[in-house]
Amino acid sequence: MGDIVHALPAAASLKHGFPGSQVTWIVEPRWAPLLVSNPFVDRVVPLDRHTGWGLVRTWRDLRQERFDFVVDFQALIKSAIVASAARTDRIYGFDRTVAREPLAAMFYSDKVATRSVHRVDRNLELAAAAGASTALHSFPLPAGRPEGQLPPGAFVLASPLSGWRSKQWPLEYYARLAERLRREAGVPLVLNGPPSEREALAGVAGAVLHLSSIEGLIDATRRAAAVVGLDSGPLHVAAALGKPGVAIFGPTDPAQTGPYGGSFTVLRSPHAATSYKRSDQIDPSMRAVTPDAAFEALQPQLARQTHPADCLA
């Protein structure tokens, strides 16, 4: 999810830089809802890489037409292989010195050594190398749709789960944060996750459980007064929508994958070490960020959202 959100401005820049062009985006089916109604994407090709038939179908779709060029923003071996399946003579990708998986660069005809740190800016540099003349900092996410029940008034939204357990914040911390939010700010904490994670999230005392699809997550994010996020897709959706909030980081570098746009306050222990280690245990640096620290960072943001007249006085 985060990779797609980070590539949205680059795709918009490519479409803008080549008037009349047709932009095709290859995406795994579960993430396709992020591209619904995107004005800069003309065609979405689903990639079901978990079945042989799915791979064959994607290959056939890509061979139906000839592309002027392909850009691989993900810089992984799997995405580079997909890019090479398209009928094209030019594949733009990151140089091995900046690619997430250096071997992916073997598949590219045009290798770009970007200088930017954040993934959004790196993607924009790659789009510029492919011919995008203007950088559009545009995140055209869909409206989403209401799913389940949300509090009628202001609430704080959190998505506690991430792809790596080492990037997660302890679930008991959310219970402590929920208690302070209700007691001192008068707002509930809503925990979002897919229906399959009901059991994992249901035990967080004092929080409101909201299970939904991606569409429901986007709708809930748009309605939230503030967001508590980790280095995961839901945080990047919230940042793309310009929501205020707190981002909790540990073993990953917020300079590279932090919330883009400046609406979030990033909390990270001064003792955190950037490792990108995919451990099955919560990293100690995530535990070092306390619920009290998260609440104190949220408090002024909530005040601006729930009492705008008082802030202007």
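Residues numbered from 1 in each chain as written. Predicted model: local features only at pLDDT ≥ 70, side-chain atom pairs only at ≥ 80, totals over all residues. Heavy atoms only, no water.

**Here we look at the overall build of the chain**
- The helix and strand inventory of the chain stands at twelve helices and eleven strands.
- Radius of gyration (C-alpha) of the chain: 20 Å, near the 20 Å computed for a compact globule of 313 residues.
- For the chain, the spread of C-alpha atoms along the principal axes amounts to about 60 × 45 × 40 Å.
- Across the chain, the fraction of contacts at a sequence separation of at least 24, relative to all contacts at a separation of at least 6, is 57%.
- Of the roughly 14500 Å² that the chain leaves accessible, carbon and sulfur atoms contribute 52%. (Helix = DSSP H or I, 4+ residues; strand = E, 2+ residues; numbered from the N terminus. Rg over C-alpha atoms; globule rule 2.2 N^0.38 Å. Contact = heavy atoms within 4.5 Å. Areas by Shrake-Rupley, 256 points an atom, 1.4 Å probe, with all protein chains shown as cover.)

**Re the environment of P284**
- The residue P284 is located in helix α10 (residues 284-287) in this model.
- Assessed through its relative accessible area of 62%, P284 is described here as exposed.
- Residues P284 and W31, spaced 253 residues apart in sequence, show a C-alpha to C-alpha distance of 30 Å. (Buried < 20%, exposed > 50% of the residue type's maximum accessible area, 1.4 Å probe, protein only.)

**Some points on the packing of aromatic side chains**
- This model, assessed by the stated rule, comprises six aromatic pairs.
- The interplanar angle of 55° and the centroid separation of 6.1 Å between the aromatic rings of F139 and Y260 together place this pair among those described as tilted. Here F139, found in the loop between α4 (119-129) and β6 (156-158), pairs with Y260, found in the loop between α9 (254-257) and β11 (264-268); they are 121 residues apart in sequence, far enough to count as distant. In this structure, F139 and Y260 share a single accessibility class: buried.
- Here W169 and Y173 contribute two aromatic rings whose centre-to-centre distance is 5.4 Å and whose plane-to-plane angle is 85°, an arrangement assigned as edge-to-face. Side by side, W169 and Y173 carry an identical accessibility label, which is buried.
- Above the plane of the ring of W164 lies K167, whose end atom (NZ or CZ) is 4.4 Å from the centre.
- The aromatic ring of Y173 is capped on one face by R176, whose charged end is 5.2 Å from the ring centroid. (Phe/Tyr/Trp six-rings, centres within 6.5 Å; stacked < 30°, edge-to-face > 60°. Lys NZ or Arg CZ within 6 Å of the ring centre and 35° of its normal.)

**Regarding the sheet that holds strand β4 (residues 91-94)**
- Sheet architecture is open: three strands sit in the order β3-β4-β5, paired in parallel fashion. Pairing within the sheet leaves two strands with one partner each, and these edge strands are β3 (70-71) and β5 (110-112).
- Across three bridges, the pairing between β4 and β5 is parallel. Residue pairing across strands places Y92 opposite D110, the latter belonging to β5.
- In this fold α4 packs onto β3, β4 and β5, with an angle of close to 150° to the strand it touches most, β4. (Pairing = 2+ DSSP bridges. Axes fitted to C-alpha atoms, helices over the stretch in contact; angles between N-to-C directions.)

**Focus on the environment of R122**
- Structurally, the position occupied by R122 is in helix α4.
- What makes R122 buried here is its relative accessible area of 15%.
- For the pair R122 and A10, spaced 112 residues apart in sequence, the C-alpha separation works out to 9.0 Å.
- Ignoring any residue separated from it by four or fewer positions in sequence, one finds R122 in contact with F94, V98, T114, S116, V117 and Q256.

**Let's talk about the confidence of the model for the chain**
- For the chain, per-residue confidence averages 94 on the pLDDT scale, and residues scoring 70 or more make up 97% of the total.
- Note that pLDDT drops below 50 for residues 308-313; the model gives that stretch three contacts with residues more than four away or on any other chain. (pLDDT = per-residue confidence, 0-100.)

**Some thoughts on the pairing of strand β1 (residues 24-27)**
- Only one face of β1 is buried: it carries W25 and V27, and the other face, with T24 and I26, is open.
- In the sheet, β1 pairs with strand β2 (residues 43-46) via four bridges, with the strands oriented parallel. Of the residues in β2, the one forming a bridge with V27 is P46.

**Here we look at the nonpolar core**
- Counting 62 residues, the largest nonpolar core has W25, L34, F73 and L157 as the members making the most contacts within it.
- Examining the composition of this core, we find that seven residues originate from one element, helix α1 (residues 2-17), more than from any other.
- The residues contacting L157, other than those within four sequence positions of it, are V190, N192, L217, A220, T221, A224, A226, V227 and V228.
- Formed by 28 residues, the second largest nonpolar core is a distinct cluster that contains L181, L230, V289 and F295. (Core = buried A, V, L, I, M, F, W, Y, C linked by side-chain atoms within 4.5 Å.)

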